[in-house]
Amino acid sequence: MQKAPPTVLVLCTGNSCRSQMAEVLLNHDLAGRVRARSAGTRPQPRVADGALAALRAIGLPTDGLVPKDVEAVIDEPIDLVVTVCDKANEVCPVFPRPVPRLHLPFHDPHGEPLESFIAVREAIRARLVPAVAEALGLAPGAGG
């Protein structure tokens, strides 16, 4: 029986943009090697249109993306927490068991043109995906 991949929780304040893009990018770029989830400390009512458009622009799925409260996932077995905004890092909850944390803040593109969302998407792909792989000891480019 194959061991389940490690679960990464990407945490932001609103869970409507950066953390959602990070969840999708991690699940795509590290497919089969991690299971990414995202949540917010104060979730917004919906995912930002710009975040959805930025993901769709490179052919990534956005069906089913909804902001979730961190309380909805706090009891799941989480292997790594990544905070992508300073506010979420400051109020990161205490998990039921010790969980390693990374803090990689990204610009909040809300209210800006699509190009800003695309720039943040690319920054997440360039910085967060390799940092998560390294934190979990995943060899670059190796299959699951």
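Quantities reported herein were computed from a predicted structural model and do not represent experimental measurements.

K.L.:
Go over the layout of surface pockets, please, and point to the residues and values.
P.N.:
Of the voids in this model, the largest pocket is the one considered here, and its volume is about 160 Å³. Looking at the largest pocket, it is lined by 13 residues, and the ones nearest its centre are Thr 13, Gly 14, Arg 18, Asp 108 and His 110. When grouped by side-chain class, the residues that make up the lining of the largest pocket number three nonpolar, six polar and four charged.

K.L.:
Got a sec to walk through the packing of helix H1 (residues 18-29) against helix H4 (residues 114-135)? Specific residues and values, please.
P.N.:
To characterise two packed helices, one gives the angle between the axes of the helices and the distance between these axes. Remark: H1 packs on H4, axes separated minimally by 9 Å, with the N-to-C direction vectors making an angle of 55°. In terms of orientation, H1 and H4 fall into the oblique class. Considering how the two elements wind past one another, H1 and H4 form a crossing that is right-handed. Contact residues: H1 offers Arg 18, Met 21, Ala 22, Leu 25, Leu 26, His 28 and Asp 29, while H4 offers Phe 117, Val 120, Arg 121, Ile 124, Arg 125, Leu 128, Val 129 and Val 132. Among the residues making up the contact of H1 with H4, the classes are represented as ten nonpolar, one polar and four charged.

K.L.:
How would you sum up helix H2 (residues 49-56)? Please name residues and give values.
P.N.:
Within the sequence span of H2, burial applies to Gly 50, Ala 51, Leu 52, Ala 54 and Leu 55. Buried positions along H2 lie against H1 and H4.

K.L.:
I'd like to hear about the sheet that holds strand S1 (residues 7-12), residue by residue, with values.
P.N.:
Pairing is parallel across the open sheet formed by four strands, whose spatial order is S2-S1-S3-S4. In this open sheet, the two edge strands, each paired with only one partner strand, are strand S2 (35-40) and strand S4 (101-103). For this sheet, the mean angle separating the axes of adjacent strands, direction not counted, is 20°. With three bridges joining them, strand S3 (residues 80-83) and S4 adopt parallel strand pairing. Bridge pairing in S4 places Thr 83 opposite His 103. Running at roughly 175° to S2, H1 makes contact with S1 and S2 of the sheet.

K.L.:
A description of unusual backbone geometry should follow, citing residues and the corresponding values.
P.N.:
Located in the positive-phi region is Asn 15, a residue other than glycine, with phi close to 50°. Within the fold, Asn 15 resides in the loop between S1 and H1.

K.L.:
So what's going on with the pairing of S1? Residues and values would help.
P.N.:
Of all six residues that make up S1, six are buried, and the element is covered over most of its length. On S1, burial covers both faces: Thr 7, Leu 9 and Leu 11 on one face and Val 8, Val 10 and Cys 12 on the other are all buried. The pairing of S1 with S2 spans six bridges and is parallel. Residue pairing across strands places Val 8 opposite Ala 36, the latter belonging to S2. Taken together, S1, H1 and S2 constitute a β-α-β crossover, and its handedness is right-handed. Pairing analysis gives four bridges linking S1 to S3, with the strands arranged parallel. Across the sheet, residue Val 8 finds its bridge partner in S3, namely Leu 80.

About the cut-offs
Residues numbered from 1 in each chain as written. Predicted model: local features only at pLDDT ≥ 70, side-chain atom pairs only at ≥ 80, totals over all residues. Heavy atoms only, no water. 1 Å grid on protein atoms, 1.4 Å probe; cavity = no way out; pocket = protein on both sides within 12 Å on 5 of 7 lines; lining within 4 Å. Points joined across faces, edges and corners; volume = space filled by probe spheres on them. Nonpolar A, V, L, I, M, F, W, Y, C, P; charged D, E, K, R; others polar. Axes fitted to C-alpha atoms, helices over the stretch in contact; angles between N-to-C directions. Helix = DSSP H or I, 4+ residues; strand = E, 2+ residues; numbered from the N terminus. Parallel < 35°, antiparallel > 145°, perpendicular 65-115°, else oblique. Left-handed = near helix turned anticlockwise from the far one by under 90°. Contact = heavy atoms within 4.5 Å. Buried < 20%, exposed > 50% of the residue type's maximum accessible area, 1.4 Å probe, protein only. Pairing = 2+ DSSP bridges. Right-handed = clockwise from strand over helix to strand, strands pointing away.

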